[in-house]
Structure formats: C-alpha cells, structure tokens
Amino acid sequence: MKKFIILFVLISFCAFGKAQEQVNNSIKKKSIQEKLENKIPVTIGFIGGSITEGAKADGFQKRYPNRLIELLKEKYQYNSIQLINAGIGATGSEIASYRVKNDLLKYKPDLVFIDFSVNDPNNLRTIETYEGLVRQILEVSDVISLIFPLRNNKDAEEAQKIVNKYYQIPSISIKDKVNKMIYSGIKWEELYADVVHPN
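The following refers to the structure shown.

Cut-offs applied
- Residues numbered from 1 in each chain as written.
- Predicted model: local features only at pLDDT ≥ 70, side-chain atom pairs only at ≥ 80, totals over all residues.
- Heavy atoms only, no water.
- Core = buried A, V, L, I, M, F, W, Y, C linked by side-chain atoms within 4.5 Å.
- Buried < 20%, exposed > 50% of the residue type's maximum accessible area, 1.4 Å probe, protein only.
- Helix = DSSP H or I, 4+ residues; strand = E, 2+ residues; numbered from the N terminus.
- Contact = heavy atoms within 4.5 Å.
- Pairing = 2+ DSSP bridges.
- Axes fitted to C-alpha atoms, helices over the stretch in contact; angles between N-to-C directions.
- Parallel < 35°, antiparallel > 145°, perpendicular 65-115°, else oblique.
- Left-handed = near helix turned anticlockwise from the far one by under 90°.
- Nonpolar A, V, L, I, M, F, W, Y, C, P; charged D, E, K, R; others polar.

## What about the nonpolar core?
Counting residues in each nonpolar core, the largest one holds 28 residues, and the members touching the most others are Leu36, Ile44, Phe46, Ile81, Phe113, Leu146 and Phe148. Secondary structure elements with two or more residues in this core: helix 2 (32-37), strand 1 (42-48), helix 4 (64-76), strand 3 (111-115), strand 4 (142-147), helix 8 (174-183) and helix 9 (188-191). Looking at this core element by element, the count peaks at 5 residues for helix 4. Phe46 has contacts with Thr52, Tyr64, Pro65, Leu68, Ile69, Leu83, Ile84, Asn85, Ala86, Gly87, Leu104 and Phe113, leaving out every residue within four places of it along the chain. Ile47, Leu105, Val143 and Val163 belong to the second-largest nonpolar core, a separate cluster that totals 20 residues.

Printed below as a string of structure tokens:
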C-alpha cells in the first residue's frame, strides 16, 4: 500500500520543473527552482482536505507533503525548505478561500499545492469557490493543482480544470495514474486505505 504515496511524490517531483515554467509568468519573483539551486530558503505550502492533512497515512512523516519536502531536500542537498501544511479534513475550496490568508499565505510561500478534487462537487459553485482560492494564492505564490481520484469517480476534476486552464495552472493528475494502475490489474485496496485516502 505504501508504494502509491511514493509514486505520488515521484510524479509531483517530475512535474515540478515543468510546472514552475508554466506559472512563472504570473509571479514577478525568483523561481523556486532558482532558489533551491542557489541555496536560498524556500517555503512550500499545501492546502487541501484530509488527504493533505494526512488521514490514513502510516505516520506523520508518511504524509505526501512531508515525503515531497524530503525528496526535494535530498535532490538539492539543502535543508532550508519549510513546509506549511494547511490541510483540514472534510473541507473544500469554499472554506479554504476564507482561511487561506491566515492559515497559509501569511507565511509567504514560494509554491502552493492545492488538493480539493475529492472534497469539492463537480459544479458551477466549485468553479467560483476554487477560482476565489486560486486568485488569492496567485497574488503571493506559484500554484500546482493536484487531482486525486475517488473510487466512484465523482470528483471535481472537470470544474477545476476550467480554472486551471484559464490561469495556466499546471495540474498533476494522480487520478490518471491510479486509473492506469487499476486497468493494469492492481487492486484499489493495494493503493488506498478506503474509498478516498491513499496509503
């Protein structure tokens, strides 16, 4: 079951450089890639629901934000990478748009990962609330959107894609990778602790 979270971290890392290029034109500051290469302190934020918070993870350090930060520290041989985890279970982008400034943006992150694909409904309201969240973050930081799957496929991917495309936000689809693994014969239970939470 642990191989999924390792896979996710690797996917995130592989997309990291390309994602940075795609959003740099919206933020007038040093890129996070440049900061890491020049050993300048970096802050990476995560905002989402229970997956980001770490529900069902095998321990604090096995949460995907922690694993990604450790991978970056190892790659760049640099420890001054601060992690801000603003994940709160059972919440979506509507609540996040109200709390993002106090819970995350006050720390002035260089990069923010957003994870609300399994908590938001796939409708017009989500386009509005997700856009409100994205616009606030883009005033401060670069953004990468994460798309996690639900077992019943009732996630907010389509609604969020509209916003991501408009603001040219790169998206990492864990959903696509999981679906390919399922089609290849791997069981859902090998990757997930329940219908929502990877382990």
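## A look at the sheet that holds strand 1
In space, the 5 strands of this open sheet follow the order 2-1-3-4-5, with parallel pairing throughout. Unpaired on one side and paired on the other, strand 2 (81-87) and strand 5 (171-173) mark the two borders of the sheet. Here the strands of the sheet are splayed against their neighbours by 20° on average, with no regard to which way each runs. Here strand 1 pairs with strand 2 via 7 bridges, running parallel. From the neighbouring strand, Ile44 faces strand 2, where its bridge partner is Leu83. Together, strand 4 and strand 5 form the strand contacts of helix 8, whose direction differs from that of strand 5 by roughly 20°.

## Some words on the packing of helix 6 (residues 124-138) against helix 7 (residues 157-166)
At a minimum axis separation of 9 Å, helix 6 and helix 7 run at an interaxial angle of 40°. For the element pair helix 6 / helix 7, the angle class is oblique. Helix 6 and helix 7 meet at a crossing whose hand is right-handed. Between helix 6 and helix 7, the residues in contact are Thr126, Ile127, Tyr130, Glu131 and Val134 and Ala159, Gln160, Ile162, Val163 and Asn164, respectively. Looking at the contact of helix 6 with helix 7 residue by residue, the class counts come to 6 nonpolar, 3 polar and 1 charged.

Everything listed here is a matter of geometry and, on its own, says nothing about what the molecule does.
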